[in-house]
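Each chain, letter by letter, is given below.
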Amino acid sequence: MRFGKRVIMDLHLKNLFGRFQEQFGSGPGLGPGSSTCLMKVEGVSPNFIKSIYKGSAALYRTEPWKRLRPWHLFGIRVGKDSDWSGKKQPFPCVQFIGGDGGDVGFYMFRSESDAKKMTGPRETIRVPNVELLRVSYEPERLMFPSNKRMIKSLSLEASGTDRFPVIDVARCMSSGELRFRNPTLEELRFVYAFMRAISLVHPLLQEDKDGAPKWSRMMYFETFIETVDVQWPPEMAKGHDLVAVTVSHPPGQAYEEKASSTASSTPTKYAEPPREEVFVDVRVNSNGVLRQCTLCEKEVHGDQSQCCAQCRAVVYCSSLCQKQHWKETHKSMCGLYKAMMEREEELAMKIFLFPCSADQPCKWLESLGIHQKGMWRRKCGCYAHCPLGLLPVKGGLWDSWGGLDDEEYPRDSPFHNHVRDGIPSPILLSGWSEYYNLRSLPLSSPVADILSHPFTVYYILTALNISSKNLLLKGKEVILHYLGPEGELDWMPAFAEIGHLLNGSGNIHIVMVGPEVPTNLSGTTSGISSRVRVNLVRGNYQDEATYLPSPHIIVALNCGLESYSAWGGALELIKSRGVPAFFTEQSEILCANAKQVLRGAGLHITHPVTPNPFRSPVKTHCLSNNLPSYSNGFVLGVNT
């Protein structure tokens, strides 16, 4: 009798413990974690595991769980179907878990259908005979001994302070029990590519405030699709160093794959639906401003020109040019142009109180009382006769800023009370509002238009490139090669503000190289602040680079990469050096063209096209189209 009671009690305790583990176990959503260990994966190498943990830590640092919930499903495509066994992508649908509380991680599903079946309001639902891959971030103290030994023996990188990824493949049996197995080598390659791509892409998601009912607390995101090139570590590469990874939200968005593409090729992201070739005479309202025909480049007054009725972006002198351009190139680009035009409202910088359109720069500068004054002389054509870098200078910061009132321009003074853990460190800015508040500048001050160039450089150094940021945090010098300077040669007083933002930490040596540098300034060095010095060098970068100090980073602002002939040699050199390089363009269309040029030169895009928070607030329009453009409007990076 006593034995029977003990058996019943043991069964009760076992059931109770099992339910406790399912609710409070180390694995998110589905219950307790498994004892899987990557060292047991067939064919795995220590370097492979180290790369997985590095990629996992990089993703963890971007904190996707701040915004993402399980119902935010992502489509993922790595290379081509033919790259994978069975000619099928292993886990093309992904969700993030733990954002509402509990351990964080992500699940990868065999299909979008599986993901929807298993996504409940607050937790992952067990569905019999459905297999998924789980990556959960667990504290080291709660991990199984086999994983602890692996982490210690290989000195694996932690995610955050003390968390490490645990990767397993789970299947719910018909009985409701979970069974686990180790991932395969191929599945780990897929996970790695996803982690590297999503860490770059998920910060670009834009909230769709009109996408949810007013009573709903759920965050909706705008439809999104982006392709980035991910570099395989040497131990993962299989004939190709790069692979194109496409991330979409929601999953299943259409794109075309060309039969001739390679493992590193990029799928076509925008497919224009077939429609009749109907041309409507849509006039451009430009107040008499001259426009340039996209096809024949003939200049025509805005009120006499016409534009594409679908995208309203490209301008023509006649319907004849419009029809010819449609057949030659525009038909394939019209959908993308339309998407860019629809973002004009979103990208507008509404915080400023001064006129923000500079299609007629002299009139704009006159309205602010700074026409033909100080550094503003390079913002219109009135001083085109004066060589770049050689504008007459009367002296004094007040004169450099065109005689603005004292409270309307940044003074040559440090920022006070900005320390971290008692140690001064670079001031990290998120946008113009924060800077204007920091300097107590009124939003009617136009200084952001000139500060856009130095602040874009500073943003790249401190927010986009980890290695240069770490050097500055350690108090070391960063050498930056600045390609193709023009107006910047007369804006040195604005670059001095970078020195104050460094806030007593590190130094920046900027080497400006370009054919526009005047001969009598070439070879000169200017200490524009105690922490920023600028070298000027005349010539093409590929010709002069061997005589320059080796850079930590390369930057080219408003670079005009669509003119590839002028950039060919420089891009070859950048590729051979493998140095992180960042380029800005005025519009997304120009950035899309720049991506093609960079890929054609063998460079891989590691920082996708992103709106620059320090772009100029002054909007212009390209001469040959209606697309809104901002100086330094968008940034993309390679080789990082």
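To be clear, the structure that these remarks concern was listed above.
Just so we're clear, the structure is a prediction, and the values are computed from it rather than from any experiment. (Residues numbered from 1 in each chain as written. Predicted model: local features only at pLDDT ≥ 70, side-chain atom pairs only at ≥ 80, totals over all residues. Heavy atoms only, no water.)

Topic: the layout of surface pockets
- There is about 1,300 Å³ of room inside the second largest pocket.
- Forming the walls of the second largest pocket are 47 residues, and the residues nearest its centre are E486, G487, L557, N558 and Q586.
- For the lining of the second largest pocket, the secondary-structure elements that each account for two or more residues are α8 (361-368), α11 (448-464), β17 (507-514), α14 (541-544), α15 (564-577), β23 (619-621) and β24 (628-630).
- Counted by class, the lining of the second largest pocket contains 22 nonpolar, 16 polar and nine charged residues. (1 Å grid on protein atoms, 1.4 Å probe; cavity = no way out; pocket = protein on both sides within 12 Å on 5 of 7 lines; lining within 4 Å. Points joined across faces, edges and corners; volume = space filled by probe spheres on them. Helix = DSSP H or I, 4+ residues; strand = E, 2+ residues; numbered from the N terminus. Nonpolar A, V, L, I, M, F, W, Y, C, P; charged D, E, K, R; others polar.)

Description of helix α5 (residues 185-201)
- Between its terminal C-alpha atoms α5 stretches 25 Å, which fits the 24 Å expected from 17 residues at 1.5 Å a residue.
- Taking burial as the measure, the 17 residues of α5 include 13 buried ones, the bulk of the element. (Expected span 1.5 Å × (residues − 1). Buried < 20%, exposed > 50% of the residue type's maximum accessible area, 1.4 Å probe, protein only.)

Some thoughts on the pairing of strand β2 (residues 93-97)
- Along β2, five of the five residues are buried, which leaves the element largely enclosed by surrounding structure.
- Here β2 shows a buried face lined by C93, Q95 and I97 and a second buried face lined by V94 and F96.
- Where strand β1 (residues 74-78) lies against β2, two bridges are found, and the strand directions are antiparallel. Considered in β2, the bridge of F74 is made with V94.
- Pairing analysis gives five bridges linking β2 to strand β3 (residues 105-109), with the strands arranged antiparallel. In the strand pairing of β3, I97 is matched with G105. (Pairing = 2+ DSSP bridges.)

Remarks on the environment of V130
- Tracing the backbone through its elements, the reader meets V130 in the loop between α3 (112-118) and β4 (131-139).
- Each C-alpha atom, one on V130 and one on R171, is 5.7 Å from the other, the two residues being 41 residues apart in sequence.
- Sequence-distant contacts of V130, that is, excluding residues within four places in its chain, are made with D114, M118, A170, R171 and C172. (Contact = heavy atoms within 4.5 Å.)

Treat this as a map of the structure, not an account of what it does.
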